[in-house]
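Letter by letter, the chains look like this.
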Amino acid sequence: MKNLRNFILGVVLFLIWNPAESASKPFSDRLAPQIQVSIGGSPITSGDTHDFGNINLLSSSAPLTITIENTGNPEDLNISQVSVTGGHVSDFILNTTGMLVAIPPAGSTTFTVTFTPSASGARTAAIEIESDDAGGTFKIGLDGAGVKLNQTITFGSLTPQTYGDGSFLLAATASSGLAVSYASSNPLVATVSGSTVTIVGAGSADITASQAGDDVYNAATPVLQTLVVNKAVLTATANDQSRIYQTANPTFTISYNGFKNGDDELDLDTPPTASTTALLSSPVASYPIIPAGGTDNNYAFTFVNGTLDITKATPVVTWNNPASITYGTLLSATELNASGSVAGTFTYTPALGTLLSVGPNQNLSVAFVPADAVNYYSVPVTTVQITVNKATLTATA
């Protein structure tokens, strides 16, 4: 009975001290718990919305603290559930650790919510606070926008290459960790497959590294590096040749060393040619065969001279078999009448003025020594045959 009297006394005193509130609220409400929710110290009403603003993907907002107060008397405010609902529930992280589930009159408790966008663009949800407040579920709208991250590409300068070099790998990286793609501006110089560069020809090509972005990252600004491919060195060597004095120069040929990628002379844009300083009348000696000229997109020529050896000519000695003579006829210029294609000295065997014996097909020979011994060989022997007939002997009695 004593407790009942105290309760009635308390109610009477409350009505006396709070006449305005007593007049505006039903008696049952004035004796029930009352919920009041605040953000940043400012009370809000159910249905209000909090905007987290723009938050980068892979990042989180600062935790938003929400305060629940029990402004009613004399009972506790019982919180049965605090939850996140709506289209993007997973983007709003609720933390109710330490939150009271029974808030005494004039008491309060807090919980936090953090915006962690999982995709770009507008993200929405709502917090629902279930309690025994007479007003039912208290709702707070949640808005925010996820913002894609920028990324950059690191792509260092490219080492100059030479035609014929093997393939090599590109090593650009994106700050996002996403794979980088490449393109070549000049496939006649270099092609790119994946991150592998294949050298096709000499020249230059711009290699562009790109990263198109994804759901989290914006496309990166492409980075360009110039690849220089130098010409390969091709050694062109004139092949050695020889010819005889007073004959035409042969056709000069060239051998090559340093072809790449299965190339040969037929692949050269303009092959070099070879020439010499030797003329038809040049004396016996060695002369340079000089390769020169030639152009090609993929090769730079180096030249090595060859040698043209002009050798002595062999004179032509012409000597027909002389007509038969009669025994007793001495050899004369009529029989010993060899001629040479060049000037020189003839030495006959048997010599001029020799008396030959009778007989058929007797050998006559001549040795020829040219006057120009620098450019001509001697002809050691040329042989003809002569017949010596018997002489007619007249016997007179």
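The structure presented is a predicted model; accordingly, all values stated were derived computationally and were not measured. (Residues numbered from 1 in each chain as written. Predicted model: local features only at pLDDT ≥ 70, side-chain atom pairs only at ≥ 80, totals over all residues. Heavy atoms only, no water.)

Another aspect to go through is the overall build of the protein. Scanning the protein for helices and strands turns up three helices and 32 strands. A globule of 397 residues ought to have a C-alpha radius of gyration of about 21 Å, yet the protein, at 59 Å, is considerably larger. Over its C-alpha atoms, taken along the principal directions, the protein stretches across nearly 215 × 30 × 25 Å. Taking the contacts inside the protein whose residues are at least 6 apart along the sequence as the reference set, 63% of them involve residues at least 24 apart. Carbon and sulfur atoms make up 54% of the accessible area of the protein, which totals about 21,500 Å². The centroid of the 12 positive side-chain charges in the protein is displaced by 3 Å from the centroid of its 27 negative side-chain charges. (Helix = DSSP H or I, 4+ residues; strand = E, 2+ residues; numbered from the N terminus. Rg over C-alpha atoms; globule rule 2.2 N^0.38 Å. Contact = heavy atoms within 4.5 Å. Areas by Shrake-Rupley, 256 points an atom, 1.4 Å probe, with all protein chains shown as cover. Lys, Arg positive; Asp, Glu negative; His and termini not counted. Charge placed at Lys NZ, Arg CZ, Asp CG, Glu CD.)

It is worth spelling out the sheet that holds strand β4 (residues 64–70) at this point. Strand pairing in a sheet relies on backbone hydrogen bonds. The paired strands run either parallel or antiparallel. One open sheet accounts for five strands, arranged β2-β1-β4-β8-β6; its pairing is antiparallel. Each edge of the sheet is formed by a strand with only one pairing partner; in this case those strands are β2 (42–44) and β6 (92–95). Each strand axis lies, on average, 35° off the axis of its neighbour in the sheet, ignoring direction. (Pairing = 2+ DSSP bridges. Axes fitted to C-alpha atoms, helices over the stretch in contact; angles between N-to-C directions.)

Counting through the fold element by element, Asp263 comes out in the loop between β22 (254–257) and β23 (273–276). Although buried, Asp263 forms no salt bridge, and the nearest oppositely charged side chain, Lys260, lies 9.7 Å from it. Here the side chain of Asp263 touches Tyr163 through a polar contact of 2.7 Å, side chain to side chain. When sequence neighbours within four positions are dropped, the list of residues in contact with Asp263 reads Tyr163 and Tyr299. (Buried < 20%, exposed > 50% of the residue type's maximum accessible area, 1.4 Å probe, protein only. Salt bridge = Lys/Arg side-chain N within 4 Å of Asp/Glu carboxyl O. Polar contact = N/O pair within 3.5 Å; in protein donor to acceptor, adjacent residues only side chain to side chain.)

Note the cis peptide between Asn73 and Pro74, where omega equals -10°. Its location among the elements puts Pro74 in the loop between β4 and β5 (77–85). The omega angle of the peptide bond from Thr349 to Pro350 is -5°, so this bond is cis rather than trans. Position of Pro350 among the secondary structure elements: in the loop between β30 (344–349) and β31 (359–370). For Leu58, which is not glycine, the phi dihedral falls at a positive 70°. Residue position: Leu58 is located in the loop between β3 (49–56) and β4. On the basis of relative accessible area, Leu58 is assigned to the exposed category, the value being 62%. If you check the backbone angles, Gln246 has positive phi at about 70° while not being a glycine. Residue placement: Gln246 occurs in the loop between β21 (241–244) and β22. Judged by its relative accessible area of 36%, Gln246 is partly exposed.

Across all of its chains, the model carries twelve aromatic pairs by this definition. Geometrically, the ring pair formed by Phe52 and Phe115 is tilted, given 5.7 Å between the ring centres and 40° between the ring planes. Taken together, the residues span a long stretch of sequence, with Phe52 in strand β3 and Phe115 in strand β8 (residues 108–115) at a distance of 63 residues. Residues Tyr256 and Phe259 carry aromatic rings whose centres are separated by 5.5 Å and whose planes lie at 50° to one another, so their mutual orientation is tilted. Judged by relative accessible area, which is 17%, Tyr256 ranks as buried. With relative accessibility at 24%, the residue Phe259 sits in the partly exposed group. Grouping aromatic residues by their ring pairs yields a cluster made of Tyr163, Tyr256, Phe259 and Tyr299. (Phe/Tyr/Trp six-rings, centres within 6.5 Å; stacked < 30°, edge-to-face > 60°.)

With that out of the way, let us pick up the pairing of strand β20 (residues 232–238). Where burial is concerned, the two faces of β20 differ: the one with Ala232, Leu234, Ala236 and Ala238 is buried and the one with Val233, Thr235 and Thr237 is not. Pairing geometry for β20 and strand β25 (residues 299–304), over six bridges, is parallel. The partner of Val233 across the bridge, within β25, is Ala300. Across four bridges, β20 lies against β22 in antiparallel orientation. Within the sheet, the bridge partner assigned to Thr235 lies in β22 and is Asn257.

A few words now on the pattern of salt bridges. Scanning the model with the defined rule gives two salt bridges in all. With a shortest N-O distance of 2.6 Å, Arg123 and Asp91 are connected by a salt bridge. Taken as a pair, Arg123 in strand β9 (residues 121–131) and Asp91 in the loop between β5 and β6 lie far apart in primary sequence, 32 residues in all. A residue is classified by how much of its surface remains accessible, and Asp91, at 1% relative accessible area, is buried. Here Glu128 makes a salt bridge to Lys139, at a shortest N to O gap of 3.8 Å. Residue Glu128 is found in strand β9, and its partner Lys139 is found in strand β10 (residues 138–147); the two are separated by eleven residues along the sequence.

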